[in-house]
Amino acid sequence: MTENAWTHWPSREALGRAGVSRPRRLLAWLVRLLVLGMLLWGAYDSTRVHGWGVVGAVAGVLLAGAAAWGFWRTTLAHRLLPSLLLMAALVGLAVVGQAAGFRTAALVLWCGCAVSALERLPLAAAVPVTSVSLAAYAAVNNDVWLTTTVTTAGLALAGYTLRLDAEARGNAQRLLAQERAARAAEAESAALAERARIAREIHDVLAHSLSAQLVHLEAARLLIERGADREKILERVVAARGMARDGLDETRQALSALRGELTPLEDFLTQLVDASAGAEVTVAGERRPLPAEASQAVRRVAQEALTNVRKHAAGAKVRIRLEYGDHQVTLDVRDSGGSPGDLTGSGAGYGLLGMRERAELLGGSLEAGPDDEGFVVTLKVPV
């Protein structure tokens, strides 16, 4: 709903000092000192200033200063009734000063009331106050009517111009505060996203590493139950230890990748294939660097797919194909099939599900299922 311009207060940002440049603050203090000097000059440049007149003049100046300060505070708090009462007190002091013979001081007060009311009060309250103040000024001022008219019009225009300037400054302050809040929220959101990214990456690394370790430890358990040779059992235990060591290395690599220290994807897949007997890798399309998230997704899916081959189709031939497209990268991992071994049931079975969720977070997809020969895992990630 649009706010009524006549009952609308200038914003607190407009009425406050925030956002006021140092030169403008100095200018404002110079204006205040000039007004105070004119009040003092008007008070003491009078034939009535003698005896108790001096006390009255000092008391009047102090009261006017206190009322002006109070008016500044109450308008800043958007308290209409106290503001009007203080403005009425200032106008009354001007009337008393005029009656007591302090004509210059009275004119200064009326002019100040007219300008301040337009600058700091809602227009519905400011217009009557300004009208009364300027009318009193016009009635007392002994200049020719044209000069008085131009002066009153100029004072009204000055008050309204100050109001518009203060509102513009207040709007700028609000926009600046909103921008700072938006930046803070954006930074917090980025930090949360980074934390989630790190947690997801570490989870995937550990899930892969622990799953591979479980394969070897389960094999060692079965060998022990069957009374196998010590060398075969030791081989499995050593392999599990190696997987634990590799898991730590992969964790460090994942943290380095999150910092942007990624090794080329093709080199990673080559190393992965070299460590896995019976696997080969081919790359198609124009090679180019991938975003960190997309590159990490390809790496994790390749690792998880090879781990599943070792678990469910030991000895099967594996073909890994990485294809760079115009708008996406595709990873295809397929095996030649094999008979399920005793380790088929090992592991929690959440590896491919986690990879699918990772792909969907990136706007891609992951499909996994049997084909004519064996099992196929296909990852598509937009880049």
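For clarity, every value in this text was computed on a predicted model and none was experimentally measured. (Residues numbered from 1 in each chain as written. Predicted model: local features only at pLDDT ≥ 70, side-chain atom pairs only at ≥ 80, totals over all residues. Heavy atoms only, no water.)

Visitor: I'd like a description of the pairing of strand β1 (residues 279-284), backed by residues and values.
Guide: The pairing of β1 with strand β2 (residues 318-324) spans six bridges and is classified as parallel. Along β2, the bridge assignment pairs A279 with V318. Running through helix α10 (residues 292-312), the crossover from β1 to the neighbouring parallel element β2 is left-handed. (Pairing = 2+ DSSP bridges. Helix = DSSP H or I, 4+ residues; strand = E, 2+ residues; numbered from the N terminus. Right-handed = clockwise from strand over helix to strand, strands pointing away.)

Visitor: Before we move on, can you summarise the pattern of salt bridges with the specific residues and values?
Guide: Two side chains bearing opposite charge may form a pair once their charged atoms approach each other closely. The final tally for this structure, using the stated rule, is six salt bridges. A salt bridge links D371 to R334; the shortest N-O distance between them is 3.2 Å. With D371 in the loop between β4 (365-370) and β5 (375-382) and R334 in strand β3 (residues 328-335), this pair connects stretches of sequence that are 37 residues apart. On the accessibility criterion, R334 (26% relative accessible area) is partly exposed. Through salt bridges with shared partners, one network takes in E218, R221 and E225. (Salt bridge = Lys/Arg side-chain N within 4 Å of Asp/Glu carboxyl O. Buried < 20%, exposed > 50% of the residue type's maximum accessible area, 1.4 Å probe, protein only.)

Visitor: How would you summarise the side chain of R120 if you had to cite specific residues and measurements?
Guide: Locating R120 in the fold gives a position in helix α5 (residues 103-120). For the buried R120, no salt bridge exists, and the shortest N-O distance to an oppositely charged side chain is 5.0 Å, to E119. Those residues in contact with R120, other than ones at most four positions away along the chain, are W9, P10, L15, F71, W72, T75 and L76. (Lys, Arg positive; Asp, Glu negative; His and termini not counted. Contact = heavy atoms within 4.5 Å.)

Visitor: Run through the environment of L322, naming residues and quoting values.
Guide: By the element assignment, L322 lies in strand β2. On the accessibility criterion, L322 (0% relative accessible area) is buried. Each C-alpha atom of the pair L322 and L269 lies 9.1 Å from the other, and the pair is 53 residues apart in sequence. Those residues in contact with L322 that sit more than four places away from it in its chain are L265, L269, T282, V283, A284, V298, V329, T330 and L331.

Visitor: Lay out the pairing of β3 with the relevant residues and their values.
Guide: Burial within β3 is extensive, with six of its eight residues counted as buried. Pairing analysis gives seven bridges linking β2 to β3, with the strands arranged antiparallel. For I320, the partnering residue across the bridge sits in β3 and is V333. Relative to β5, β3 runs antiparallel, the two being bridged by seven bridges. Counted as the bridge partner of R334 is V376 from β5.

Visitor: Mind laying out the sheet that holds β5, listing which residues take part and the relevant values?
Guide: Strand order in this open sheet of five strands is β1-β2-β3-β5-β4, and the pairing throughout is mixed. Only two strands of the sheet have a single neighbouring strand rather than two, namely β1 and β4. Adjacent strand axes in the sheet meet at a mean angle of 10° when their direction is disregarded. Bridge count for β4 against β5 is six bridges, and the pairing is antiparallel. (Axes fitted to C-alpha atoms, helices over the stretch in contact; angles between N-to-C directions.)

Visitor: Describe helix α4 (residues 80-99), naming the residues involved and giving the relevant values.
Guide: Over its 20 residues, α4 extends 28 Å from the first C-alpha to the last, a length consistent with the 28 Å expected when each residue adds 1.5 Å. Positive backbone phi, at 100°, marks G101, one or two positions downstream of α4. (Expected span 1.5 Å × (residues − 1).)

Visitor: An account of the packing of α4 against α5 is requested, with residue identities and associated values reported.
Guide: It is the contact of α4 with α5, at a shortest axis distance of 7 Å, that shows an interaxial angle of 160°. The angle between the axes of α4 and α5 places the two elements in the roughly antiparallel class. Seen along the crossing, α4 lies across α5 with a hand that is left-handed. Residues M87, L90, V91, L93, A94, V95, G97 and Q98 of α4 lie in contact with α5, whose contacting residues are R103, A106, L109, W110, C113, S116 and A117. When the residues that make up the contact of α4 with α5 are grouped by side-chain class, the tally is eleven nonpolar, three polar and one charged. (Parallel < 35°, antiparallel > 145°, perpendicular 65-115°, else oblique. Left-handed = near helix turned anticlockwise from the far one by under 90°. Nonpolar A, V, L, I, M, F, W, Y, C, P; charged D, E, K, R; others polar.)

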